[in-house]
Amino acid sequence: MTIPFLDFAPMHAAIRSEMQEAFQSVYDGYWYIMGKQLIDFEEAYAQFNKTRYSIGVSNGLDALSLSLLALEIGPGDEVIVPSNTYIASVLAVSFVGATPIFVEPDIKTYNIDPKGIEQAITERTRAIMPVHLYGQACEMEKIMAIALKHNLYVVEDNAQAHGANFQGKLTGSWGHINGTSFYPGKNLGALGDAGAITTDDDALAAKVRTLRNYGSKVKYHNEVMGYNMRLDEMQAAFLSVKLQHLNAWTAERQQIAMWYIETLNGVGDLILPYTHPNAGHVYHLFVVRTQQRDALQQHLKEKGIGSLIHYPIPPHLQEAYRSLGYNKRAFPIAEEIAETCLSLPLWVGMIEEQVLEVTQCIAKFYHG
Ligand SMILES: *Cc1c(COP(=O)(O)O)cnc(C)c1O
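Starting afresh in each chain, residues are numbered from 1 along the sequence in its written order. Note on the predicted model: pLDDT of at least 70 is required for a residue's local features to be given, and 80 or more for side-chain atom pairs to be given and counted; whole-chain, interface and lining totals, by contrast, use all residues. As a rule here, side-chain values come from all non-hydrogen atoms in the structure, and water together with hydrogens is ignored.

*Asks:* Residues and numbers for the packing of aromatic side chains, please.
*Replies:* Aromatic ring pairs are described here by two measures, namely the spacing of the ring centres and the angle between the planes. Planes of paired rings set the category: under 30 degrees apart is stacked, over 60 is edge-to-face and the rest tilted, where pairs are Phe, Tyr or Trp rings (Trp by its six-membered ring) whose centres lie within 6.5 Å. Tallied over the entire structure, the rule returns 15 aromatic pairs. Seen in terms of ring centroids, Tyr45 and Phe182 are 5.3 Å apart; in terms of plane orientation they differ by 85°. Their pairing is edge-to-face. Here Phe182 lies in the loop between strand E8 (178-181) and strand E9 (195-199) and Tyr45 lies in helix H3 (residues 36-49), a separation of 137 residues in the sequence. Of the two residues, Tyr45 and Phe182, both sit in the buried class. Helix and strand labels come from DSSP, where a helix needs a run of H or I of at least four residues and a strand needs a run of E of at least two; each type is numbered from the N terminus. For the exposure calls, accessible area comes from a 1.4 Å probe over protein chains only, and a residue counts as buried if that area is under 20% of its type's maximum, exposed if over 50%, partly exposed in between.

*Asks:* Before we move on, can you summarise the layout of surface pockets with the specific residues and values?
*Replies:* Both cavities and pockets are sets of points on a 1 Å grid over the protein atoms alone; in a cavity a 1.4 Å probe fits but cannot get out, in a pocket the set is open with protein on both sides within 12 Å along at least five of seven lines, and lining residues sit with an atom within 4 Å of a point. Grid points are joined across faces, edges and corners, and a volume is the space filled by probe spheres set on the points. One number sums up the size of the largest pocket: a volume of about 640 Å³. Around the largest pocket, the lining comprises 33 residues; the ones closest to its centre are Tyr86, Tyr183, Lys186, His284 and Tyr311. Breaking the lining of the largest pocket down by element, the ones donating at least two residues are helix H4 (60-70) and helix H5 (87-95). Top contributing element to the lining of the largest pocket by residue count: H5, with 4 residues. Under this grouping Gly is polar, as are all residues other than the nonpolar Ala, Val, Leu, Ile, Met, Phe, Trp, Tyr, Cys and Pro and the charged Asp, Glu, Lys and Arg. In the lining of the largest pocket, the residues fall into 20 nonpolar, 9 polar and 4 charged. Domain borders in the structure are assigned automatically or taken from a domain database. In this structure, the lining of the largest pocket is formed jointly by two domains, domain 1 (9-243) and domain 2 (246-367), each of which donates at least three residues. Approximately 380 Å³ is the volume found for the second largest pocket. As for the second largest pocket, its lining consists of 14 residues, of which Met34, Asn213, Ser216, Lys219 and Arg230 are closest to the centre. Secondary-structure elements contributing two or more residues to the lining of the second largest pocket are helix H8 (202-212) and strand E10 (216-218). At 3 residues, H8 tops the list of elements feeding residues into the lining of the second largest pocket.

That is the geometry; function is a separate question.
Structure follows, in structure tokens:
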């Protein structure tokens, strides 16, 4: 039995007719940009996320970039980001001309360590960008308290954690303005690129609405130099369908993660995901760690089982960020995670037999 890393087939088979209806309604409506589908999705996503506003945008990177722009963060400013995040969080900081300041994660949760944040704050710091990595909420209560104490903004990167919560409060509703992605493989995914900003702040919401659409509120009247960072009607319609299933899909992901945890507990040198007692985890990814990562991945591959590494090179060691001047060992926790992490197959519709196939294959790797 071959098991891919990700298989959309069961999810998309189950919602085929709803998605086809959504397609037809946009197709036959003859209105493809900035229309009713977008308004409906924005309302539904704001309601889901328990924020006053949700503003649809082109993708997750643009959602984060526009959020920082709306806060008027730019050259000379510093933004704190985790040292083990996906490159997009860091690129958003660079997009506005600010400097990313890396803070190491907690080695158990893989999320930014609040203790490190406080040490990294300087007189140039303007914002903290917590990333709810792999689907687990960061320690938002501590992060918000630090931000308040030092008069900083918080911009959550919620691309991997739709529906997760810390102490019952949803990710994407803690920060002053937050970005998320609906890249197809995310927990809530479009059939192409898409993203959203969430906020409770009237002024910030109005600002990003203008900026995403050429700096214009009224057609052909341009108040500021804006961008084309809009979410189109077709993707909005697809997202509205999928959003109605998101809570059920999250429960499925959590069940699959529990099957993995139960059967992999104590196998070899595997380190299984740890969830902070006050955090919700929506298992965007199921990430294990081992000193024999490359050999284990090769073994799985030979047996037809897909796996991926999130992420093999931390941002500070990327070619693109060579100018920041960091060497190897600059952020040893991020580097340790990059060298040892492995994401196992997990998708909506994955059945227990498939999970057991993966875990048996892993057990064989260690115990023969
Ligand atoms: C996917 C992702 C993004 C970027 O989203 P895109 O829609 O691909 O631009 C940003 N941050 C994190 C943590 C992500 O996983």
